[in-house]
Protein chains: 2
Amino acid sequence: MTEPSPGIAGLHQRIPFLLSQLGVHIADDFVVRLEPFGVGPRTFAVLTALSADDGQSQRQLATLLGIHRNAMVAVVDKLESQGLVKRTPHAQDRRAFAIRLTDKARELLPALDAQGRLQEETITAMLTGQERDALRHLLQRVSTGLGMSPGVHPRLAER
Amino acid sequence: MTEPSPGIAGLHQRIPFLLSQLGVHIADDFVVRLEPFGVGPRTFAVLTALSADDGQSQRQLATLLGIHRNAMVAVVDKLESQGLVKRTPHAQDRRAFAIRLTDKARELLPALDAQGRLQEETITAMLTGQERDALRHLLQRVSTGLGMSPGVHPRLAER
DNA sequence: TATTGTTATACTCTATAACTATA
DNA sequence: TATAGTTATAGAGTATAACAATA
């Protein structure tokens, strides 16, 4: 007689499945966490990119984040309507805008960062500090080994 | 003077971001791997569930996998059109169907499983056997700690 | 001729409700 | 009255192509 197939329970032993299951859940959870601030994944990514290098053009942001430039228009529209960025003239290229964070955005950024930290604490609550470090290192090695760009989320580009 | 914000590069230090980045990438990769077999995430999930317990009703499958019963219709339609399952009369309930794997499906399942193993080897190629075990255990603990059902992928239900 | 930003359109997916036949 | 399965419709989200202004 043949033993029964493990079925979906067997997926719990597969590293790719565990990563996929956890990753998608966490991505959804992060969306929920940002919702009260009126920020979505794409607007969050643009705000974060500008926090390190303010005044980038929409093209630069699109290339950096893997978002199509057509889609970037709506993202910047949204941020501008919320008063979080301004489209200012670009010094070297009159076709382009320099996108700049407003003071309101600079006040908001720490709160968004706090959500990221809170999420990390929640997710790793059952791990020791050593285990967190070990997990972080393993994930970084896998991510780098797969050739992924640090900090660039593949869902921003969309299929 | 203030030092520049780490921007998106700082996300590379965050466990939730790494999990989300890797997980979404891996989920997309798995879709690509299954494509040549004409199988998608939802049909794969149903085939896997039936491999452990054949003859389940659409309602049972929907509840088990987190797919809405309305959406389950199209999934079973697809599988039936491919000759991978049959809708057979349900022994106890004339409203319901017992969904049963065909011989063709039983021949296909090992190939799908092989793709899962191949993906795991590819993703963990840069890790030692010990490190793979450590990673698997850490992920299982995090997944269980978050109350996720083993083997149930949150993307099947869709937003 | 190529590029930045923009707009419009078509396409895909999903969520919701309503229907039938049985229980 | 509730449930299994089905169908239809509307809505959100995305990709594609084409456009004007500037390089």
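All values reported here derive from a predicted model rather than from experimental measurement. (Residues numbered from 1 in each chain as written. Chains lettered and ligands numbered in written order. Predicted model: local features only at pLDDT ≥ 70, side-chain atom pairs only at ≥ 80, totals over all residues. Heavy atoms only, no water.)

J.: What is the right way to read the relation of the copies chain A and chain B from this model?
T.: These two copies of the chain differ by a rotation about an axis and a displacement along the same axis. Here chain A sits on chain B after a turn of 180° about the axis and a move of 0.0 Å along it, with an RMSD of 0.0 Å. Interpreted geometrically, this transformation is the action of a two-fold axis. Among all residues of chain A, the minimum C-alpha distance to the rotation axis is found for Gly 23 of chain A, at 2.1 Å. Both copies contact each other with a shared surface, as 98% of the interface residues of chain A are interface residues in chain B too. (Least-squares fit on C-alpha atoms with pLDDT ≥ 70 in both. Contact = heavy atoms within 4.5 Å.)

J.: Teacher, can you tell me more about the interface of chain A and chain B here?
T.: Interfaces are frequently sized by the accessible area removed from exposure as the parts join. Of the residues lining the interface, 62 residues belong to chain A; the matching set on chain B comes to 61 residues. Regarding the contact of chain A and chain B, the summed buried area is about 6,200 Å², with carbon and sulfur atoms giving 70% of it. Of all residues in chain A, Ile 8, Arg 14 and Ile 15 of chain A bury the most surface against chain B, accounting for 11% of the area lost on that side. If you look at where chain A meets chain B, you find eight salt bridges. In this structure, Arg 155 of chain A and Asp 28 of chain B form a salt bridge, with 3.0 Å as the shortest nitrogen-oxygen distance. Connecting chain A to chain B are 26 residue pairs in polar contact (both at pLDDT 80 or more). Mapped onto the side of chain A that touches chain B, the elements with two or more residues apiece are helix 1 (15-34), helix 2 (41-52), helix 3 (58-65), helix 5 (103-123) and helix 6 (129-145) of chain A. Element by element, the count of residues in the side of chain A that touches chain B is highest for helix 1 of chain A, at 14 residues. Of the residues that constitute the side of chain A that touches chain B, the class distribution is 31 nonpolar, 21 polar and ten charged. (Buried area = accessible area lost by both parts, 1.4 Å probe. Salt bridge = Lys/Arg side-chain N within 4 Å of Asp/Glu carboxyl O. Polar contact = N/O pair within 3.5 Å; in protein donor to acceptor, adjacent residues only side chain to side chain. Helix = DSSP H or I, 4+ residues; strand = E, 2+ residues; numbered from the N terminus. Nonpolar A, V, L, I, M, F, W, Y, C, P; charged D, E, K, R; others polar.)

J.: Hey, could you run me through helix 3 (residues 58-65) of chain B in this one?
T.: In an α-helix there are 3.6 residues to a turn, and that puts residues three or four apart on one side. Residue and element names in this part refer to chain B. Within the sequence span of helix 3, burial applies to Gln 58, Leu 61, Ala 62 and Leu 65. Seen along its axis, helix 3 keeps its buried residues to an arc of 100°; they face one direction. Of the residues in helix 3, the exposed ones pointing more than 90 degrees away from the buried face are Arg 59 and Thr 63. Those residues of helix 3 that are buried are in contact with helix 2 (41-52), helix 4 (69-81), strand 1 (85-89) and strand 2 (97-101). Looking one or two residues beyond helix 3, the residue adopting positive phi is Gly 66, at roughly 80°. (Buried < 20%, exposed > 50% of the residue type's maximum accessible area, 1.4 Å probe, protein only. Arc of directions from axis to C-beta.)

J.: Help me understand the packing of helix 3 of chain B against helix 4 of chain B in this model?
T.: Packed helices, taken two at a time, are described by their axes: the angle between them and the distance between them. Residue and element names in this part refer to chain B. As a packed pair, helix 3 and helix 4 sit with axes 9 Å apart at the nearest point and diverge in direction by 110°. The angle between helix 3 and helix 4 places the two elements in the roughly perpendicular class. The handedness of the crossing between helix 3 and helix 4 is right-handed. Where helix 3 abuts helix 4, its residues Gln 58, Arg 59, Leu 61 and Ala 62 lie against Arg 69, Met 72, Val 73 and Val 76. For the contact of helix 3 with helix 4, the residue count by class is five nonpolar, one polar and two charged. (Axes fitted to C-alpha atoms, helices over the stretch in contact; angles between N-to-C directions. Parallel < 35°, antiparallel > 145°, perpendicular 65-115°, else oblique. Left-handed = near helix turned anticlockwise from the far one by under 90°.)

J.: What is the right way to read the UniProt feature "domain: HTH marR-type" (unreviewed entry) in chain A from this model?
T.: The residues that UniProt annotates with the feature "domain: HTH marR-type" (unreviewed entry) are residues 12-144 of chain A. Summarising residues 12-144 of chain A: 68% helix, 8% strand, and an end-to-end C-alpha distance of 24 Å. (UniProt positions renumbered as here; feature names shortened; annotations may be inferred.)

J.: Quick question: what am I supposed to make of the environment of Arg 42 of chain A here?
T.: Position of Arg 42 of chain A relative to the elements: it lies in helix 2. In sequence terms Arg 42 of chain A and Pro 4 of chain A are 38 residues apart; their C-alpha atoms lie 44 Å from each other.

J.: Would you take a moment to explain the pattern of salt bridges for this structure?
T.: Charged atoms that come close allow side chains of opposite charge to pair. According to the stated counting rule, one finds 24 salt bridges over all chains in the structure shown. Between Arg 14 of chain A and Asp 113 of chain B there is a salt bridge, with its nearest N and O atoms 3.6 Å apart. Taken together, the residues span two chains, with Arg 14 of chain A in the segment before helix 1 and Asp 113 of chain B in helix 5 (residues 103-123). Residue classification places Arg 14 of chain A among the buried residues on the basis of a relative accessible area of 17%. Under the relative-accessibility criterion, Asp 113 of chain B is labelled partly exposed at 34%. Here Arg 87 of chain B makes a salt bridge to Glu 80 of chain B, at a shortest N to O gap of 2.8 Å. For Glu 80 of chain B, a relative accessible area of 32% corresponds to the partly exposed category. Salt bridges sharing common partners tie together Arg 14 of chain A together with Asp 113, Arg 117, Glu 120, Asp 133 and Arg 136 of chain B.

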